[in-house]
Every structure is written in C-alpha cells, then in structure tokens.
Amino acid sequence: MVSTAFVISEGKMSCTVADAVNYKGFPADKSKTGGWVPAALILGIEMAERLCTMGIAVNLVTYLIGIMHIPSSTSANIVTDFVGTTYLLCLLGGFLADSFLERYKTIAIFTTIQTLGTATLAISTKLPQLSPPPCHATPINDNCKQANGFQMGILYMALYLIAIGTGGLKSSVSGFGSDQFDEKDEKEKSQMAYFFNRFYFFISLGTLAAVTVLIYIQDEVSRSWAYGICSVSMVIANLVFLSGTKRYRYKKSLGSPIVHIFQVIVAAIRKRKMELPYNVISLYDDTPQDSRIEHTNQLHFLDKAAIVAEGDFERNLSDSAPNPWKLCSLTRVEEVKMMVRLLPIWTTTIMFWTIHAQMITFSVEQASTMERNIGSFQVPPGSLAVFLVGTILITLAVYDRLIMPLWKKWNGKSGFTNLQRIAIGLVFSTFAMTAAYLCERKRLSVAKGVSGNQTTLPISVFLLIPQFILVGFGEAFIYTGQLGFFITQSPKGMKTISTGLFLTTLSLGFFFSSVLVSVVKKVTGSQDGQGWLANNINKGRLDLFYALLTTLSLINFIAFVTCAMWYMPKKNKLSVTYSNC
C-alpha cells in the first residue's frame, strides 16, 4: 500500500493520505488535514480529562476519611478501585471505537459523559444531606458517624460516571492523535516519535494544575467549586475538540478486532490435529502483497488457522469466500500473534502502577500526619503530588529537547527504545519504594516518641519528596514507553484496543494494590484492629508494606527483562515513501 496519492482537482495537484479520509469521507489532503495543529486540539481534551480525573483521585482519600468518615484502608481501596475501573473501561472504549463509533465520535460522546459525572460530584459535595454530620475526624479519633448507603450511592454514581467517560475517551485520544501523522512518510513519522513525549508532557500539565490549583480550591475554598471547574473545563475542551472537525484525518474502522482475534483462535483449534506445511508459502493469505505482514516463527499453533482444508470456502452466487471461523489469512494470523506477543510485556508493567497507587493513597495519608507549613501557608496533603508531576515534566522536557537529539546524533536513533524506557521506569519504581520504606521508618520512630493524642507529628512532610520524585522519574519513562510500544507494535486495525490494553495495566495495578492491601490487612491484622495497615497509621507498620512492595518490584523487573529478551517485534512489509507535501 502506498502512503500517498496525487489527486488532480480543478487543475491543481494535491497530496493525499491513502489510508485516511477527511470529514467528508474523501481522501485526506495532507496540506489541509493532520499535523501538529489538529494533534494539539486533541491533546487539549486529554489535558482537561487529566485535570479532572487526577484532581479528584489524588485528594479523594482525604474527602473519604475527613468528610465521609470512612476508615483509612477502606478509603484507600475505594480510590484505587475507582482509578482501576477507570482504566479498565478503556478496553470497552477501545472496542466501541474500533467496532462501531470510530475514534472521533467515541471521544466526543464519552467526554460528555465525564462532564455529567463531574457535575454530579459537584452537586453531591455541595448538598449537606449527601454527607454525614461533620465532626473532628483525625487519625486518632475515628468515632465519627460514617456516610450511609444512600450518601455513598450518590458518590459512587458520580465517580463511576467519571470512570466511564474517562475510560471511553482515553482509549481513543492517543490513537486519534497519532492518526494525524502518516507513518509511511519519513517526515511525519519522525514527528510522531516526538508526539508521544509531548502527548504525556501536555497531559502532565493538566495533572500539575490538578495537584496545585484544583486541590487548593478543594481544601481552602470548596470541593463543589473545584468540581464545578472540572465540568466547565470539560465542556470547553469538548468544544475546542469539535472545532477541529474539518482539520482531522479519519481512519476507517476495519471491523471488530476482538472478533478477528477469536476467529483465528477458533480456526486454529479446529485444525489443531493438522500438520503445518513445510513451506509457509502454502498457507492461505489473500491480503494484498504490499499490506502483508511477514511470517514469524513464534506461536506456530496459530499458523494452523491459515491451512486450507475442505469446506473452508463458502460458495455464493457470485464468488466463493472463506469462512472466517474456519480459514484465516496468514496476515490475520500474524496480527493476532502481534497482540499475543504484547501480553508478557503487558503483564510485567502492571507492578509499576501498583507502586504509583501508593502516591495517591498511603503517601497522602502519611502527609496528613506531618508538619506541612511553609511560613503561614499549609501545604494540602494531596499537593505533594506536585513533586511527582514536576519531575515528569522536567524529565520529559530534558528527554525531548536534549537526550533525543544527542542520542540521534550519536547512533542515529530517536532516543531510547520503548522497551528500554519501560525498563528504566521499573528500576526507578523499585528505588521509590526503597525510599518510601526508609522514610516511613523515620516517621514511625518520631510517632513513637510523641506522647498523648498529638495529630501532627514534629517531622517535615518534605521527607516524603524522594519517593514522589523517584516515581515521577519512573512514570515519565514507563508511560511514554508503554504508549509507544503498544501503539507501534500492534496491528493497524487494533491500535485503539491495544491502547486500551496498555491502559488496563494502570487499572490492574490499582486493583492489585487494593487486593494487596486487603490481604496484608487480613494476614497481619489482629483483634484490636492493628497490624501493618492499622486504622491509626501511627500505630501500624506501613514501612513493612513498602518493603514488601520493594521486593515485589525487584522480582517483577527480573521477569520483565526475561520477557523483553523473548519479545520479537513486528515485521511489516510496508512501502515507505518520501514526500515533499
């Protein structure tokens, strides 16, 4: 397949992208569609989404403990379950985008749903009847009346409307943004290499605004005002996104990728007893020559789906076509292999997000017990995430403007490979939990020396900074590495669902955090409610929980290196054209 075509219209020659169309359905003119301007409009909606989602998630544990009077470990699990569900729903969003709605409509629809969720949350925090009677809830005093089922039900409805909206739009934003660049044009392909870094840089700006301005408004002005700002920002971002309708490049859906995957698996199982031919040329492949994917030597079992057998073709009045549940093209088989080969990498990146979950749960709770004053200003506990986000922004900027150009000049490659970036992120996450363990040991030693029911320990909250900075370093590398890896190493027709697959690593990381918290609380707990994760954080052993996470992170890194060595990247027979368009 050639990447560009020349179309003569009204005496003028224009350069078009062969696999993309404009908003009218005609071949997309490269001079009028795509590029950095439409990509920036798409990034805007992701910035607004991150402002809302992170502004809610990072400070939600203090709301649950302080206003809704929910126990510490339960509050942590509510937050991680909310964030986990958000990212898990990215699979649903990816499926709808690839199968029915396409990415543009998916983004517009689910942005509206998220706006509805943030508006509901603003109302639920405004009305006094939707929260229990106020009392002075502290880590020492936990005798306040908890929120009832109705109050929690309204809160859950708001949170999970936000989760549905975020899951739907998040699975499509990065894929739709990358659609604005032609992979088969060398100039635009190099621009795409920078897109993934800038994509995460801009959404990190949204996170930065969330953990500074938005959290300050929540703590010092009103949560309902803060969540109202979220709703307004989502409306504005959606309008800006829609304003670029005529400038976008659209790629048509190639059908449900999930159905295609199951067709290959079913066909291979049906022919499991058949012998593979000695020569791969004997396998069926009706894909045009220039769009075929080279055969790979892994996962031979799936190759059986391309063996031609009696009864594979269905005859109709005009032609005969293969039954896709009995016979699949070799290229379709290789597409499924590409998705399967992603799974070991997918599995070994989950642990990082379990580490990240601690930054918006237990780390925030730690901060709430420590001295947070800078002069007369008191730092909100959730705002410590500014060090995480600031580290991400600085790391991405240095990598984009310094490391990538120097690396390209040195060895001709645009920065580290995606797998190398993921490995760097995993290493930093292990160091982060080591730092968290040492910090918590110090905090607990101070807590033991304090007499009475003193709620603020004489120890600076800035002792927590190293763990936030190290997770920030790790996230800057692993998020961009994962995003680039899952998009570039997936088949063309499965990019949205592969993005959803990547985002489920975040989901499962947060869910695993919830499971780990529950297991540790049950195994180490006692009748008086103590244990590693006691309701009173000053009487628990959170340091041992961090030590456990350090050990698990180290084991996971070894597993990742093993999987990365096994991984075989895709080999595409795609023609590359050089264009002056």
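Residues numbered from 1 in each chain as written. Predicted model: local features only at pLDDT ≥ 70, side-chain atom pairs only at ≥ 80, totals over all residues. Heavy atoms only, no water.

Visitor: Is there a simple way to explain a nonpolar patch on the surface in this structure?
Guide: Judged by side-chain polarity, Ile-258, Val-259, Phe-262, Ile-265, Ile-269, Phe-301 and Trp-325 come together as a nonpolar surface patch covering roughly 570 Å² of accessible area. For the nonpolar patch, the element with the most residues is helix H6 (residues 257-270), which contributes five residues. (Patch = residues over 30% accessible without salt bridge, like charges linked within 9 Å, V, L, I, M, F, W, Y side chains within 5 Å. Areas by Shrake-Rupley, 256 points an atom, 1.4 Å probe, with all protein chains shown as cover. Salt bridge = Lys/Arg side-chain N within 4 Å of Asp/Glu carboxyl O. Helix = DSSP H or I, 4+ residues; strand = E, 2+ residues; numbered from the N terminus.)

Visitor: Sorry if this is basic, but what is going on with helix H3 (residues 149-178) here?
Guide: The α-helix winds at 3.6 residues per turn, so residues separated by three or four positions along the chain end up facing the same way. Here H3 contains 30 residues, and its C-alpha end-to-end distance of 44 Å stays within 8% of the 44 Å for a straight helix at 1.5 Å per residue. Across the 30 residues of H3, 22 count as buried, placing the element largely inside the fold. For H3, the N-terminal capping position is held by Asn-148, with its side-chain oxygen 3.2 Å away from the main-chain nitrogen of Phe-150. (Expected span 1.5 Å × (residues − 1). Buried < 20%, exposed > 50% of the residue type's maximum accessible area, 1.4 Å probe, protein only. Polar contact = N/O pair within 3.5 Å; in protein donor to acceptor, adjacent residues only side chain to side chain.)

Visitor: Would you explain the confidence of the model for the chain in this entry?
Guide: Looking at the chain as a whole, the pLDDT averages 84, with 91% of positions reaching at least 70. Confidence scores differ between elements of the chain, with strand S1 (residues 4-9) showing the lowest mean pLDDT of 46 and helix H15 (residues 542-566) the highest of 94. Confidence drops under pLDDT 50 across residues 6-13; counting only partners more than four residues distant or on other chains, this segment forms nine contacts. This model gives residues 570-580 a pLDDT under 50, and the stretch forms 29 contacts once residues within four places in sequence are excluded. (pLDDT = per-residue confidence, 0-100. Contact = heavy atoms within 4.5 Å.)

Visitor: What exactly am I supposed to notice about the nonpolar core here?
Guide: Across soluble globular proteins, nonpolar side chains have a tendency to be buried as a group. In terms of nonpolar packing, the biggest core is built from 128 residues, with Phe-82, Phe-241, Tyr-479 and Phe-545 touching the most fellow members. Per-element tally for this core: the top contributor is helix H1 (residues 36-66), with 15 residues. The next biggest cluster of nonpolar side chains, apart from the first, holds twelve residues, and it includes Leu-302, Ala-305, Ile-307 and Val-333. (Core = buried A, V, L, I, M, F, W, Y, C linked by side-chain atoms within 4.5 Å.)

Visitor: I keep staring at the packing of aromatic side chains and nothing clicks. Help me out?
Guide: Think of a pair of aromatic rings as described by two things: how far the centres are apart, and how the planes are tilted against each other in angle. Under the criterion given, the structure shown has 28 aromatic pairs. Geometrically, the ring pair formed by Phe-95 and Phe-100 is edge-to-face, given 5.7 Å between the ring centres and 80 degrees between the ring planes. What makes Phe-95 partly exposed here is its relative accessible area of 23%. For the pair Phe-362 and Phe-545, a centre-to-centre distance of 5.8 Å together with 70 degrees between the ring planes defines the contact as edge-to-face. Of this pair, Phe-362 sits in helix H10 (residues 362-368) while Phe-545 sits in helix H15, placing them 183 residues apart in sequence. A relative accessible area of 3% places Phe-362 in the buried class. The rings of Phe-352, Trp-353, Tyr-479, Phe-485, Phe-486, Phe-502 and Tyr-567 are connected pair by pair, giving a single aromatic cluster. (Phe/Tyr/Trp six-rings, centres within 6.5 Å; stacked < 30°, edge-to-face > 60°.)

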